[in-house]
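# Reading the structure
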Amino acid sequence: MIEALEHRVGKVDDDLSASDVLASIRSERATENAAAARQLVLAARWADLHPPESIHHAATFTVPGCEHEEPIAGEGAPLVAEFCIAELGAVLGMSTTSAKKLIGHALELRHRLPRLWAQVQSGAVPAWKARSVAETTIHTVPTLTVEAAAHVDAQVAAVAGRIGPAQLDRLVAETIKRFELAAPDPPEDPEDGHLHVDPRHATLNDEDVDFGGTMHFDAVLGIADALDLGHAIAQDAAVQKALGSTESLDVRRSKALGNLARAQTALDLAGAGAEPTKQPPAREVVVHTHFDATAVGETTVFGPTGRMENLQRLVLLEQLQGWCADTRTKVTIKPVIDLTTELSAPGYDIPQWLREQIALRDGTCVYPWCTRPARRADVDHIVEYDHEAEAEGRPQPGPTTTSNLAALCRSHHRLKTHSAWTYAMVAPGVFEWTSPHGHRYLRDRHGSVPLDGPGLVTGTSAPSSTNETVDPPERP
């Protein structure tokens, strides 16, 4: 396999000088930028081939959940038939969401930012820079009009290739603000001198989980809310210290946020010997973790590390023991489910115990490159359940059984039901998908792999890496 990859990528000559390396890598970057620009052209062409009219021509009548028109760029850009997005994403090895961004950026640039589009196609501006501008103009609140987008285009296109990403972000934001202020009736801005977009947010960065059991939580609050929160955190941190905590102030303030989240109140230390205040019921937080276990005599011994299903991250047994040791934590132990057992239920409805087995087996939606959690997905009958079979005395072609069920998010469930996509379970938890244009993909818990086309390395099996969504190219 390594030899095949080297043949495809090409080996670097050992006798290249420093100047040769610089010239070669500069040429490769130019080739990469040209290919990215060409991908935008092809993405826009794919949208042209799937206008909303294609839905109406294909469907003689509509039913709930069928394909609809998808607005994926700003005002003035064409709409797109929804289901075409998934097929382009599958061919590119990316999620449907990422494919939607790619097509949306292409249409935004071509129709609302034509100067920047021309700069990309001439090679003056890298595609990733132009896409960052398009992402902003598509999602700015309030929505940018055609005139506002044209103003941004005129101001940005001339310099986008000569400034860095941070400067470009500021320029786009300032240009939008200036246009709003220059409008005949500028909208009222409660934060004079700042962007009209409300900057307040509270964001849990659950993609950035440290092995020490921490993650980042960022927030921008209103002044009054921030002062109140700061006061509550300081008070809780002080109480922890008064109760004997030897941890640092930063750690105590961090734990105070957790206490607030669980609706806990601090001990009332206003007077000496005061009794603790009554504690309100704690909120139940459900964490699904999976640990390997072995039997040693009559004792079950768990491995030191496991998998946190909620975030698809490593978790230490020691950390889990610490969470359960909190007297305010509600712990529920659920029975182990054997994922290799064939379970069945009568009728069409899927009982919770069978849903649990499918969620544990599949992990995520089983559509290629989709990462939406299985616990929030629909459970689909792979072979359609025939509601008339029993009444007519025929065998049930699509029984409610483990081998005929799969987790599909609502979007891809609709895609499977109302389009020419098909799939089958070729082994327990392993699915083979076929697209409307005949491309085939294999999907299992380890990820997705194409079964045809240039992305396939002959003789290899499905990748064992974590299944991740492929987002737009990162900035250099």
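Residues numbered from 1 in each chain as written. Predicted model: local features only at pLDDT ≥ 70, side-chain atom pairs only at ≥ 80, totals over all residues. Heavy atoms only, no water.

## Quick word on the overall build of the chain
We apply this condition: Where helices and strands are cited, they refer to DSSP runs of H or I of at least four residues and of E of at least two residues respectively, numbered from the N terminus. Here's how the labels work: a residue is buried when its accessible area is under 20% of the maximum for its type, exposed when over 50%, partly exposed in between, all with a 1.4 Å probe on protein chains only. Every residue pair with non-hydrogen atoms within 4.5 Å of one another is taken to be in contact. Only the protein chains shown count as cover for residues, with accessible areas throughout obtained via the Shrake-Rupley method and a probe of 1.4 Å.
From N to C terminus, the chain includes 14 helices and 15 strands. The buried share of the chain, reckoned over its 476 residues, is 33%. Residue pairs in contact within the chain that sit at least 24 positions apart in sequence constitute 53% of those at least 6 positions apart. Surface summary for the chain: the accessible area is close to 29100 Å², and the carbon and sulfur share equals 56%.

## Focus on helix 6 (residues 114-122)
Going by this rule: Starting at the helix axis, one direction is taken to each C-beta atom, and the arc is that of these directions.
Every buried residue of helix 6 is listed here: Leu116, Trp117 and Val120. Angular distribution of buried residues about the axis of helix 6 spans 105 degrees; they occupy a single face of the element. Those residues of helix 6 hidden inside the fold are in contact with helix 2 (18-48), helix 5 (96-112), helix 7 (127-139) and helix 8 (146-156). At the exit of helix 6 stands Gly123, carrying a positive phi of roughly 90 degrees.

## Some remarks on the sheet that holds strand 14 (residues 440-444)
Heads up, the condition is: Any two strands with at least two DSSP-identified bridges between them are counted as paired. Helix axes are fitted to C-alpha atoms over the stretch in contact, other axes to C-alpha atoms as well, and angles between N-to-C directions run from 0 to 180 degrees.
Across the sheet, 4 strands lie side by side as 12-13-14-15; this open sheet has antiparallel pairing. Of all the strands in the sheet, the pair left with one neighbour each is strand 12 (422-427) and strand 15 (447-450). With strand direction ignored, the average angle separating the axes of adjacent strands in the sheet is 25 degrees. Pairing analysis gives 4 bridges linking strand 13 (residues 430-434) to strand 14, with the strands arranged antiparallel. Bridge pairing links Thr434 to Arg440 in strand 14.

## A word on the pattern of salt bridges
Applied cut-off: A side-chain nitrogen of Lys or Arg and a carboxyl oxygen of Asp or Glu constitute a salt bridge if their distance falls within 4 Å.
Following the criterion strictly, the structure yields 14 salt bridges and no others. Where Glu82 meets Arg414, a salt bridge forms, and the shortest distance between an N and an O atom there is 2.8 Å. Separated by 332 residues along the polypeptide, Glu82 in the loop between strand 2 (80-81) and helix 4 (84-92) and Arg414 in helix 14 (residues 410-418) bring together distant segments of the chain. For Asp378, the salt bridge identified is with Arg410, shortest N-O distance 2.5 Å. Of this pair, Asp378 sits in strand 9 (residues 378-381) while Arg410 sits in helix 14, and the two are 32 residues apart along the sequence. Several salt bridges share partner residues, and in doing so they unite Asp386, Glu392 and Arg394 into one network.

## Description of the side chain of Asp444
Stated precisely, the cut-off is as follows: The charge count treats Lys and Arg as positive and Asp and Glu as negative. His and the chain ends do not count. We call two N or O atoms a polar contact when they sit within 3.5 Å, provided that within protein one can donate a hydrogen and the other can accept it, with sequence-adjacent residues counted only if both atoms are side-chain atoms.
Relative to the elements of secondary structure, Asp444 occurs in strand 14. Buried and unpaired, Asp444 has Arg443 as its nearest opposite-charge partner, separated by 5.8 Å. Reaching out from Asp444, the side chain makes a polar contact with the backbone nitrogen of His446 at a distance of 2.8 Å.

## Some words on the pairing of strand 13
Here strand 12 runs beside strand 13; their pairing, made up of 5 bridges, is antiparallel. When the bridges of strand 13 are listed, Thr422 appears paired with Thr434. The loop that links strand 12 with its antiparallel partner strand 13 comprises 2 residues; one of these, Gly429, has a positive phi angle of about 75 degrees. In this antiparallel pair of consecutive strands, strand 13 and strand 14, the connection spans 5 residues, and Gly438 shows a positive phi of 90 degrees.

## Let's talk about the packing of helix 10 (residues 223-242) against helix 11 (residues 249-261)
In a packed pair of helices, the relevant descriptors are the angle between the two axes and the axis-to-axis distance. What counts is decided by this rule: Oblique is the label for any angle not covered by the other classes, which are roughly parallel (under 35 degrees), roughly antiparallel (over 145) and roughly perpendicular (65 to 115). Definitions for this section: a left-handed crossing has its near helix turned counterclockwise from the far helix by less than a right angle. A right-handed crossing has that turn clockwise. When residue character is reported, Ala, Val, Leu, Ile, Met, Phe, Trp, Tyr, Cys and Pro are called nonpolar, Asp, Glu, Lys and Arg charged, and the others, Gly included, polar.
Packing of helix 10 against helix 11 brings their axes to within 8 Å, and their N-to-C directions diverge by 115 degrees. Relative to helix 11, the element helix 10 lies roughly perpendicular. Pair helix 10 / helix 11 crosses with right-handed handedness. The segment helix 10 lies against helix 11, with Leu229, Gly230, Ala232, Ile233, Ala234, Asp236, Ala237, Ala238, Gln240 and Lys241 engaging Leu249, Arg252, Arg253, Lys255, Ala256, Leu257, Asn259 and Leu260. Classifying every residue of the contact of helix 10 with helix 11 by side-chain character gives 10 nonpolar, 3 polar and 5 charged.

## Some words on a negative patch on the surface
Our working rule: Patch rule: a residue counts if its relative accessible area is over 30% and it has no salt bridge; like charges are joined within 9 Å, and nonpolar side chains (Val, Leu, Ile, Met, Phe, Trp, Tyr) within 5 Å. Taken as the charge centre is NZ of Lys, CZ of Arg, CG of Asp or CD of Glu, depending on the residue.
Residues Asp13, Asp14, Asp15 and Asp20 make up a contiguous surface patch of negative charge. Inspection of the secondary structure puts Asp13 in the loop between helix 1 (2-9) and helix 2.

## Concerning the packing of aromatic side chains
Short version of the rule: Only Phe, Tyr and Trp rings take part, Trp by its six-membered ring, and two of them pair if their centres are within 6.5 Å. Stacked means planes under 30 degrees apart, edge-to-face means over 60, and tilted covers everything else.
For the coordinates displayed, the defined rule picks out 8 aromatic pairs. Plain terms: the ring middles of Tyr423 and Trp433 are 4.2 Å apart, the flat faces sit at 15 degrees to each other, and that makes the pair stacked. Here Tyr423, found in strand 12, pairs with Trp433, found in strand 13; they are 10 residues apart in sequence, far enough to count as distant. With respect to class, Tyr423 is no different from Trp433; both count as buried. An aromatic cluster of three or more residues is present, and its members are Tyr367, Trp369, Trp421, Tyr423, Phe431, Trp433 and Tyr441.

## Quick notes on helix 14
The set of residues buried in helix 14 consists of His412, His413, Arg414, Leu415 and Lys416. Considering only its buried residues, helix 14 is in contact with helix 4, helix 5, strand 9, strand 11 (405-408), strand 12 and strand 13.

## Here's the deal with the nonpolar core
The condition that has to hold: Side-chain atoms within 4.5 Å are what join buried Ala, Val, Leu, Ile, Met, Phe, Trp, Tyr and Cys residues into a set we call a nonpolar core.
If you look at the biggest cluster of nonpolar residues, it comprises 41 residues, and the most contacted ones within it are Leu40, Ile103, Leu107, Leu109, Leu116, Val133 and Val156. Taken together, the elements giving at least two residues each to this core come down to helix 2, helix 4, helix 5, helix 6, helix 7, helix 8 and helix 9 (165-182). The residues touching Leu116, leaving out its near neighbours within four places in the chain, are Leu109, Val125, Ala130, Val133, Asp153, Ala157 and Ala160. In this structure, Ala90, Cys365, Leu415 and Tyr441 belong to the second largest nonpolar core, which totals 19 residues.

## Focus on unusual backbone geometry
Going from Val141 to Pro142, the amide bond is cis rather than trans, its omega being 0 degrees. Mapped onto the elements of the fold, Pro142 is located in the loop between helix 7 and helix 8. Positive phi, close to 65 degrees, is recorded for Trp369, a residue that is not glycine. Secondary-structure assignment places Trp369 in the loop between helix 13 (352-362) and strand 9.

## Quick word on the environment of Trp117
Position of Trp117 among the secondary structure elements: in helix 6. If we skip the residues at most four places from it in the chain, Trp117 touches Leu40, Val41, Ala106, Leu109 and Arg110.

## With respect to the packing of helix 5 against helix 7
As a packed pair, helix 5 and helix 7 sit with axes 9 Å apart at the nearest point and diverge in direction by 85 degrees. Put simply, helix 5 runs roughly perpendicular to helix 7. Every residue of helix 7 that contacts helix 5 at Lys101, Leu102, Gly104, His105, Glu108, Leu109 and Arg112 is listed here: Ala130, Arg131, Ala134, Glu135, Thr137 and Ile138. Here the residues of the contact of helix 5 with helix 7 are counted per class, giving 5 nonpolar, 3 polar and 5 charged.

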